[in-house]
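# Reading the structure
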Amino acid sequence: MSTVLAGSGLVKKYGSTTALAGVDVEVHERDSLAIMGPSGSGKSTLLHTLAGIVRPDDGQVLLRGERIDNLGENKLSALRRKRFGFVFQFGQLLPELPAEENVALPLMLEGMPRREAVARARRWFTPLGLDGLELRRPGQLSGGQAQRVAIARALAGEPDVVFADEPTGALDQRTSTEVVQLLTFATRETGAALVMVTHDADVAAHCDRILQVRDGRISGHSQYTVA
Amino acid sequence: MRSPVLPLTWHLARASGRRGLQSQLLAAGAAAVGSFLLLLMIAAALGAGARAGHTTWRTPDAVSAREATAVQATTTTYVRQGPVTVVNLARLPGRGQTPAPPGLSHFPQQGQVYVSPALAELLHKLPAAQLADRFPVVSSYGTIGAAGLASPDELVAVIGRAPGDAAVSKAAGEQNYYDDGLTERALVSGFSGSKADVFTGSDQGTVLLGVVLLVMPVVVLASAAGRLGAARREQRLAALRLAGATPRQILAMTAFEAAGVGAAGATAGALAYMALLPALAEIPYGVGTWYTGRLWVGLPWLAAVVLTVTALITVSAVTMLRQVATSPLGVAQQANPRRTRAIRLLLFVAVLGYIWATTGDSGQLKPRQLLALLALFYGAFWLFGPWVVDRLGRIVGRRARRPATLLAARRLSDDPRAVWRTVSGLVLAGFVAGFFSVSTLDFDGPSHRDQVGVITANAADARHTATQARTVLRQAGVTATVTVTSEDDYDSLLGGVDGVIAHVSGGQHRIDTGVTALTRLRSGRYPFTQEYVSASDDIVIARVATVSTATLVLSFLVAAASAGLTAAANVLDRRRMYGLLRLAGTPLQVLDGARIRETVIPLAVLAGGTTAMGAFGAMQLNKAAGTTINTSGVIQLVICLAVGTLAMLAAITGSRPLLRKVTEGPAQTAD
């Protein structure tokens, strides 16, 4: 499998605190990678650096062989919009928009006509178990349903990589399992790679690989058999 | 057991961090502006009344001949187109003492002349032939104290006369319609009259009209202050509600926090008003600047305003949180769109119908009824506004093609009341603009700007006076054509009265010299000019123009401040969502564009609507008051709206750096 995203020698410091101390990581097509570690270990910084949200002090980030960490803010923003998808713990959905328009928004931002964007967004509702919820607003959805809408939104633009930062952090165990199963399944189906930060070992177990981070360094690497 | 509400509120307020503090400072700032403006309006209304009260002594308080101790003849002469009030007083022989007029230490003796400080300065500044020669020659002038004056800028003279002097004779009294309020003579025994002079009598009413129109935008500002940080507070208190806090505790905590912030801000506004009183007193209105003490509203009013603003902010904050108390999950997750019902439209139409019927054919209404109708109209629009915003949001939402427009439209219909609060200031200011632009009274009477008139007893006297006038004008160096008018000459300065008119060339100083020269004819009255004849109309037009300009400027300032505050508060309240959207690649321009459209769309529709409504309301008012309308106010209206809209957009754009700042870093702490 070819490498989609690679970080090499990544260093990031916040004042005197070293969040990343020379991390190397590769993400392949259809790969799902869980990043785990204790609080303050640097796992979220690693995700943000790979996603072009945080600029590393040293090292490089390559997307399909092209360096992205040195791009300007506008280009990075466009890159995130076009090539990446994001799922956060909560709060990323616009409360005023119905679910289908939340999913369609990234497509509209890319210039797709609204009617087509909404139609394309709706295709995600059945596979993600959201039938009948298209016109509900985020406040009228359960936590698990809202996360599934967020997953649909992250995938709607057919990204190369989906970044998920504690996507199940606000959910109960059962819903967490459902959401992470859907997330890993759907990303694989679209051919996208998944990079997910989690503190939950059960959630991480759904990924192909687990990267353990401690004190800004890779402290362990586990690999599961791809189903 | 001691209630945990107060300590917990204090603890949460302190723990709210820098962003929480920003919201509280913004809220306190808005409360300060609100209380300052309310105090300013009350000061203007009370001050206008107070200074009118200091002019009542000039209107003779007529008594019977048996009771009279003196004769008073008050008249007005003009210099540099400004009025000089002249009070002629003569003691009646063999009668008792007459008390001293206000501002004087004793009743003036024959030949004594007292003048206001501003008139003294003008007498010193202008050549005697232009002003001083209108008064008896004295070695020095006495000074009229503040008790007898409405304003430090007022030009007033009190002259002691002999009982047989022409200036206090019957001929010096009211003779024509244009003498009304300017010239009056009567036998008096004191100065306890209650009728304010024509230059200050309408001031308070005009100010009150402005106050009625301004109150709502100021209330909006205070309410906006109460809602600042609402989302942050809602989330925090919804969490507390979920943790088991009772609705009463939730509301009490909100009330304590809002009241604390509101009281601090309102007190700051009150202190600013006190500190700025001397500067505020320098703002001219009507007869001029103010005596500082007359703009002091007194401690009861001061306390009432601080309490009112605090109460407004508290009620606004508590009302916002009613849903937390009743449905914590609903607000915590922002589940329920705050929709509006069609009953608002029905009520609005009903009020319009009522106003139409009331002002239609029922004859003239009293000023209080007109003010009440205006307030009713205002209130009706307040109900109608959110309904329009809601419908607008749905219509635009169906047709939106761009993400920013879609976001804005959905936000409009999601919480139309909140959007209405943002735009209501300017929308209602548009109403004010429409109202004043159309309602400004327009009297296009004949102009006789270069003429000086002298009334005579009859036609023969007029011919004799004309000869004298030519002589004195020539001696004074004034180039003038002197004509005799008769009862048939309606289209002249004297309006069909026997007399003499001098057509003076050479400008205002020549006219003033001509008036002074013709005073020597001793007809018992001052010669008069166009300003005297049209005084009553000019005063109303000038006062309405001043108040309308002040109301417009303040409305737009308050509206822009409300919009700016609300925009900043929205950014702070929604910063997490904005931050995450931006991380996911949503361009800042889209987020910013949505914010701008959220204001521009309802503004474009509603401001136009209210401007039309304002014009409609003014036309109805004019109809009821039996006056004409000023159709040339359209340009002023367009300029006002354009400037107001730009000011509001600038205020909203002012929060763009804040939006950029709150979205520039990772929304979640990088660990």
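All residue numbers refer to position in the chain's written sequence, counted from 1. Written order decides the labels, with chains lettered from A and ligands numbered from 1. Only residues with pLDDT of 70 or above have their local features reported here, since the model is predicted, and side-chain atom pairs are shown and tallied only from 80 upward, although totals for entire chains, interfaces and linings are computed over all residues.

- Naming follows an unreviewed UniProt entry, where chain B appears as ABC transporter permease of Streptomyces canus.

- In the annotation of an unreviewed UniProt entry, chain A is listed under the name ABC transporter ATP-binding protein and assigned to Streptomyces canus.

### Details of the overall build of chain B
- The number of helices and strands found in chain B is 21 helices and nine strands.
- By residue count, 51% of the 671 residues in chain B fall in the buried class.
- In chain B, once contacts between residues fewer than 6 apart in sequence are set aside, the share between residues at least 24 apart is 83%. In this description a helix means any DSSP run of H or I spanning at least four residues, a strand means any run of E spanning at least two, and both kinds are numbered starting from the N terminus. Exposure is read from a count of other C-beta atoms within 10 Å of each residue's own; the residue is exposed at 12 or fewer, buried at 20 or more and partly exposed in between. C-beta atoms are placed from the backbone. Two residues form a contact once the distance between their C-beta atoms, set from the backbone, is within 7 Å.

### Considering the overall build of chain A
- Looking only at helices and strands, chain A features seven helices and 10 strands.
- We compute the radius of gyration from the C-alpha atoms alone; for a globule the expected value is 2.2 Å times N to the 0.38, where N is the number of residues. Computed over the C-alpha atoms, the radius of gyration of chain A is 17 Å, within 12% of the 17 Å expected from 2.2 N^0.38 for a compact globule of 227 residues.
- When burial is assessed residue by residue, chain A has 51% of its 227 residues classed as buried.
- Taking the contacts inside chain A whose residues are at least 6 apart along the sequence as the reference set, 68% of them involve residues at least 24 apart.

### Here's the deal with the environment of L473 of chain B
All names here are of chain B.
- Considering the arrangement of structural elements, one finds L473 in helix α14 (residues 459-476).
- As a C-alpha pair, L473 and V638 span 165 residues in sequence and 49 Å in three-dimensional space.
- Non-local contacts of L473, meaning those with residues more than four positions away in its chain, are made with V478, A480, A502, G514 and A517.

### Regarding the sheet that holds strand β2 (residues 82-91) of chain B
All names here are of chain B.
- Strands were regarded as paired on the criterion that DSSP finds at least two bridges between them. The sheet built from six strands is open, its strands ordered β4-β3-β5-β2-β1-β6 with mixed pairing. Strands at the two margins of the open sheet, each flanked by one partner only, are β4 (142-143) and β6 (184-188).
- With six bridges connecting them, β2 and strand β5 (residues 156-161) associate as parallel partners. Bridging from a neighbouring strand, N88 pairs with I159 of β5.
- The sheet contacts of helix α3 (residues 117-125) involve β2, β3 (113-115), β4 and β5, and relative to β3 the element is tilted by about 105°. Structural elements are reduced to axes, namely lines fitted to C-alpha atoms, with helices fitted over the stretch in contact, and the angle between N-to-C directions of any two is expressed from 0 to 180 degrees.

### Observations concerning unusual backbone geometry
Residue and element names in this part refer to chain A.
- The phi dihedral of D215 falls on the positive side, at around 50°, and the residue is not glycine.
- Here D215 lies in the loop between β9 (209-214) and β10 (217-223).
- Residue classification places D215 among the partly exposed residues on the basis of 14 C-beta atoms within 10 Å.

### Considerations on the sheet that holds strand β4 (residues 58-63) of chain A
All names here are of chain A.
- Taken in spatial order, the four strands line up as β2-β1-β4-β5 in an open sheet, and their pairing is antiparallel. With partners counted over all chains shown, the strands left at the sheet margins are β2 (17-28) and β5 (66-67), one partner each.
- The pairing of strand β1 (residues 3-14) with β4 spans five bridges and is antiparallel. Looking across to β4, one finds that L5 is bridged to L63.
- Across the sheet, helix α1 (residues 43-50) is in contact with β1, β2 and β4; its angle to β1 comes to roughly 125°.

### Overview of the interface of chain A and chain B
- With 32 residues of chain A in contact, the opposing surface of chain B contributes 24 residues.
- Contributions of two or more residues to the side of chain A that touches chain B are made by α1, α2 (73-83) and α3 (99-109) of chain A.
- In the side of chain A that touches chain B, the residues fall into 13 nonpolar, 12 polar and seven charged. Amino acids outside the nonpolar list (Ala, Val, Leu, Ile, Met, Phe, Trp, Tyr, Cys, Pro) and the charged list (Asp, Glu, Lys, Arg) are all regarded as polar, and Gly is one of them.

### Describing the nonpolar core
- A set of buried Ala, Val, Leu, Ile, Met, Phe, Trp, Tyr and Cys residues, joined through C-beta atoms within 7 Å, is what we mean by a nonpolar core. Counting residues in hydrophobic clusters, the biggest one holds 245 residues, and the most contacted among them are I35 and V195 of chain A together with L39 and A157 of chain B.
- Examining the composition of this core, we find that 18 residues originate from one element, helix α2 (residues 17-53) of chain B, more than from any other.
- If sequence neighbours within four positions are ignored, L39 of chain B has contacts with A270, Y273, V297, L302 and V305 of chain B.

### Points about helix α6 (residues 173-190) of chain A
All names here are of chain A.
- Expected span of a helix: the number of residues minus one, times 1.5 Å. For α6, built from 18 residues, the straight-helix expectation of 26 Å at 1.5 Å per residue is met to within 8% by its first-to-last C-alpha distance of 26 Å.
- Turning to α6, its buried residues number three or more, namely S176, V179, V180, L182, L183, T184, A186 and T187.
- Among the structural elements, β3 (32-36), β6 (84-87), α5 (143-156), β7 (161-165), β8 (193-197) and α7 (201-204) are those in contact with the buried residues of α6.
- Backbone geometry just after α6 places G191 at a positive phi near 85°.

### Let's talk about helix α18 (residues 575-583) of chain B
- When we look at burial in α18 of chain B, the residues that qualify are Y578, G579, L580, L581, R582 and L583 of chain B.
- G585 of chain B occupies a position one or two residues after α18 of chain B and carries a positive phi of about 100°.

### Quick word on the confidence of the model for chain A
- With 97% of its residues at a pLDDT of 70 or more, chain A has an overall mean of 89.
- Confidence of the predictor in every single residue is expressed as pLDDT, which spans 0 to 100. β10 of chain A is the least confidently modelled element of chain A, averaging 80 in pLDDT, while β4 of chain A averages 95, the highest of any element.

### Some words on the packing of α3 of chain A against α5 of chain A
Residue and element names in this part refer to chain A.
- Running from amino to carboxyl end, α3 crosses α5 at an angle of 25°, the nearest separation of the two axes being 8 Å. Relative to α5, the element α3 lies roughly parallel. Handedness of the α3/α5 crossing: right-handed. Across the interface between the two elements, A99, N102, V103, L105, P106 and L107 of α3 pack against V149, A152, R153 and A156 of α5.
- Split into classes, the residues belonging to the contact of α3 with α5 amount to eight nonpolar, one polar and one charged. Every angle not falling under 35 degrees, over 145, or within 65 to 115 is termed oblique; those three ranges are roughly parallel, roughly antiparallel and roughly perpendicular. Rotating anticlockwise by less than a right angle from the far helix to the near helix defines a left-handed crossing, while the corresponding clockwise rotation defines a right-handed one.

### Focus on the packing of α3 of chain A against helix α4 (residues 114-122) of chain A
All names here are of chain A.
- In the contact formed by α3 and α4, the axes pass within 8 Å of each other and the chain directions differ by 125°. As far as their axial angle goes, α4 and α3 are oblique. In the packing of α3 onto α4, the handedness of the crossing is right-handed. Contacts between α3 and α4 involve E100, E101, V103, A104, L107 and M108 on the former and, on the latter, R114, A117, V118, R120, A121 and R122.
- Taken together, the residues that form the contact of α3 with α4 break down as seven nonpolar, no polar and five charged.

### Notes on the pairing of β4 of chain A
- Strand direction decides the pairing type here: β4 of chain A and β5 of chain A, joined by two bridges, are antiparallel. Paired with L63 of chain A across the strands is E66 of chain A, a residue of β5 of chain A.

### Side note on the confidence of the model for chain B
All names here are of chain B.
- Put simply, chain B has an average pLDDT of 82, and 83% of its residues get 70 or more.
- Long-range and interchain partners of residues 327-333, a stretch whose pLDDT sits below 50, account for 14 contacts in this model, where long-range means more than four residues apart.
- Two summary scores accompany this predicted model of the complex, namely pTM at 0.73 and ipTM at 0.84.

### Notes on the environment of M112 of chain A
- Looking at the element boundaries, M112 of chain A is found in the loop between α3 and α4.
- Look past the residues within four positions of M112 of chain A in its chain and what remains in contact with it is L107 and A117 of chain A.

### A look at the environment of V180 of chain A
Residues and elements named next belong to chain A.
- Mapped onto the fold, V180 is located in helix α6.
- With 28 C-beta atoms packed within 10 Å, V180 lands in the buried category.
- Residues V180 and S2 lie 178 residues apart in sequence; the distance between their C-alpha atoms is 24 Å.
- In contact with V180, not counting residues within four places along its chain, are T168, V203 and H206.

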